[in-house]
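Each chain is listed here by its residues.
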Amino acid sequence: MPPLPAGTASRPGVRLAEIHGLRGLALVLVVLFHLFGAGRVSGGVDVFLVVSGFLVTRSLVRRADDGSLRLGAVWARNAARLAPSALVVLAAVAAATWLLLPESHWESILRQVVASALYVENWDLIANELSYGAAGPAASPLQHFWSLSVQGQFLLVWPLVVLLVGVAVRRARLRVRTVLLPLVALATAASFAYAVHLSAVQQPVAYFHTATRFWELGAGALLGLVPLGTPGRVRAVGAWLGLGLVVASGFVLDGGTLFPGPWTLWPVAGALLVIAGAGTPSSWGPRGTLAFRPLRFLADISYELYLWHWPVLIFLLALTGAHAVGWREAALVLTASVVLAWLTRRLVARPAARAVPRVLPAGRALVSLTAAVAATALVVVPVLGLQADLREQTAEAAEEFGVVDTRHPGASALGSAEVVPAADLRPALGAAQADKGQFFTDGRCVQEHGSGPGLDEALWCDLYAPEQPTATVLLAGGSHLYQWSETFLEIAREHDWRLVLAGKGQCRVKHVPAPEHGCVLWGDNVIELARELQPDAMVVDGTHTHYDGELETVPPEQVAAWQLLDQAGVRLIGLRDNPRGGHDPLVLNCLAEHGVGSGLCDLTRSEVYPEVSPALTTPGVPTSMVHVDLTRWYCRESDDRCPAVIGNVLVYRDGSHLTNTFLRSLQPMLTEALQAEAPWLFPAESASRP
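Draft legend 1. Region of the structure containing a negative patch on the surface. A contiguous patch of negative charge on the surface is contributed by Asp389, Glu392, Glu396 and Glu399. Looking at where Asp389 falls in the secondary structure, it is placed in helix 17 (residues 362-398). Residue classification places Asp389 among the partly exposed positions, given a relative accessible area of 40%.

Draft legend 2. A look at unusual backbone geometry. In this chain, Phe259 is followed by Pro260 through a cis amide linkage whose omega measures 5°. With respect to the element layout, Pro260 can be found in the loop between helix 11 (255-258) and helix 12 (265-277). Residue Pro427 is reached from Arg426 by a cis peptide bond, and omega for that bond is -10°. With a phi close to 60°, Tyr119 is a non-glycine residue in the positive phi region. Locating Tyr119 in the fold gives a position in the loop between helix 4 (103-117) and helix 5 (121-127).

Draft legend 3. Local environment of the packing of helix 6 (residues 145-170) against helix 9 (residues 210-225). Relative orientation of the contacting elements helix 6 and helix 9 amounts to 70°, with a least axis distance of 11 Å. Comparing their axes, helix 9 and helix 6 come out roughly perpendicular. Contact residues: helix 6 offers Trp146, Val150, Gln153, Phe154 and Trp158, while helix 9 offers Thr210, Arg213, Phe214 and Leu217. Grouping the constituent residues of the contact of helix 6 with helix 9 by class yields six nonpolar, two polar and one charged.

Draft legend 4. Molecular detail of the nonpolar core. In this structure, Val113 and Val162 are the most contacted members of the largest nonpolar core, which totals 105 residues. The contacts of Val113, once residues within four sequence positions are left out, are Leu90, Val93, Ala94, Leu142, Val379 and Val383. Core analysis: the second largest hydrophobic core is formed by 61 residues, Ala413, Cys590, Val608 and Leu630 among them.

Draft legend 5. View of the packing of aromatic side chains. Counted by the stated rule, this structure contains 13 aromatic pairs. Here Phe36 and Trp327 contribute two aromatic rings whose centre-to-centre distance is 4.6 Å and whose plane-to-plane angle is 40°, an arrangement assigned as tilted. One end of the pair, Phe36, is in helix 1 (residues 12-36); the other, Trp327, is in helix 16 (residues 327-354), and 291 residues separate them in sequence. A ring pair is formed by Trp98 and Trp106, whose centres lie 4.2 Å apart and whose planes are at 20°; its orientation type is stacked. Through a chain of ring-to-ring contacts, three or more aromatic side chains come together here, namely Trp146, Tyr207 and Phe208. Between the NZ or CZ atom of Arg571 and the centre of the ring of Trp680, over which it lies, the distance is 4.1 Å.

Draft legend 6. Layout of the side chain of Thr97. Position of Thr97 relative to the elements: it lies in helix 3 (residues 71-100). Using a relative accessible area of 1% as the deciding quantity, one classes Thr97 as buried. Sequence-distant contacts of Thr97, defined by excluding residues within four places in its chain, comprise Trp106, Ile109 and Phe315.

Definitions and limits used
- Residues numbered from 1 in each chain as written.
- Predicted model: local features only at pLDDT ≥ 70, side-chain atom pairs only at ≥ 80, totals over all residues.
- Heavy atoms only, no water.
- Patch = residues over 30% accessible without salt bridge, like charges linked within 9 Å, V, L, I, M, F, W, Y side chains within 5 Å.
- Areas by Shrake-Rupley, 256 points an atom, 1.4 Å probe, with all protein chains shown as cover.
- Salt bridge = Lys/Arg side-chain N within 4 Å of Asp/Glu carboxyl O.
- Lys, Arg positive; Asp, Glu negative; His and termini not counted.
- Charge placed at Lys NZ, Arg CZ, Asp CG, Glu CD.
- Helix = DSSP H or I, 4+ residues; strand = E, 2+ residues; numbered from the N terminus.
- Buried < 20%, exposed > 50% of the residue type's maximum accessible area, 1.4 Å probe, protein only.
- Axes fitted to C-alpha atoms, helices over the stretch in contact; angles between N-to-C directions.
- Parallel < 35°, antiparallel > 145°, perpendicular 65-115°, else oblique.
- Contact = heavy atoms within 4.5 Å.
- Nonpolar A, V, L, I, M, F, W, Y, C, P; charged D, E, K, R; others polar.
- Core = buried A, V, L, I, M, F, W, Y, C linked by side-chain atoms within 4.5 Å.
- Phe/Tyr/Trp six-rings, centres within 6.5 Å; stacked < 30°, edge-to-face > 60°.
- Lys NZ or Arg CZ within 6 Å of the ring centre and 35° of its normal.

Below is the structure:
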């Protein structure tokens, strides 16, 4: 985090030195857990937020009290401290992405470069439903900018709040802290309450949300506003306790799944105790530990090291294809990051900071802010241009999405002895993630994933509704089910079905006796929908495939839901799950690295599927339920392979979903399977048979 303006204290030099050391310690924890934590969170970022809230608030309040607070000067100083180093790293990430990563990464990372430069990366991660995850070849090299965005938003708004309070109380001859204290306390309490609520229902969203993180900044601000009358020895002992809490946080708690809820009080309380105990005359405190020279050095370059270490780690993993680093690789990442951070600090950050003095006239502040905007534009504008080119290429490629022809037969090539002539891959690797079909994110009939108010509602819509339908078919389930929507739509049009879709991201139709999770609540509502619609057939996810060699299963919660539907007279069709090609988007990365024809990116069938589908062997599955199994069209039993490319068509668009083009190539096979397993849906064909 950046070396923010320091506040006043009874012994400022000593106090800030100790807080500076705390920041260095927090950074060490962040880096070590990113290298070896496998997704666990150290609590270091939470310490950064508390320290920032404390230092910034003390500095702003002091200036507001003596009438020297000027928004332009504050914003210009903060921009000079934050922007130069961040823009250098963002430019490097954009260049490295273009040069080193496969096309499947380009659009999302370039979008995040822009979001990070504008300090809205946390909102971009929320909008694109990305959750905090461990380092890996598919992780975003800019994921860590979420916390910088939260702090950037705080630094933009908080000086304005303090200034307005200062103006309001000046005539009443009150001190700013007297009025600000209850306001900060109220806002901090509200933010904490919201963090507890949102963490319980949508923790991945809460993790990045500015409103759920403000309470950590607010806790630091509160400490900066209250006098510390506790005896020095008590505060010194408390500082040691706080230091222990900070260090132990990541080892005891899995913050990636718990923060920013109540357990975040652990590292936050630790940081508050250390700050409160800093600067005391007692020799009992951890002053010597926090003033350790290597720790001070790391604290000096903490902001730049935070910026650099994560992209260096992610690009190394992407280049090696490894999922984690060993000690040698970790040492390489750490050394490279420290060198880059030191160079950035020396050659970029310090000159920029010296160019903007603490006492800044209004005209000079405007010039400094204009320079910051211009520097940001130098990074953002070229990246936006590259994004526009990528979108244009994707739009051109989209014209061929779903088109199956003799040169791109897709699934039918797997069972054919005829040699398919060589042709360009469809969809192209760079456009693959967009080949998802028009209904995949249709908000009319596909509910958002997660739990929370309204997210258990069974949204549904008619994809096709002829005046006199021959049958009504309900598609209900998660993304592995509703990815088939356009394929079923073509069949519905051909046979005059009414086709209804009710989907929810990352969910399946499940039932448990005491539902709490949003997926199960949604599943119960879908069951009620099916009872009302009484479709001729309800198509559901019939099995569940997994990653990392775990064989396909049928979850008992799905069986329980099927039993309720069967009792309600709803005929069920279970669609066997497709193989999962690795966490997003490893299949695309593999093809980009090894080539389409290498065969190195194929999956092993026996590591995905058991010899007999578990839908046929799992106890409790209704005997009236029919099962559609198309696995022989994307996996070969002869050589135990599930190819990544079949008939010049890319099978996967990400780590687990099929491209819509490949799904459309499966339409004849799906029709044939439905005719065999569910003949009541084809009355005309049944009547014509002898």
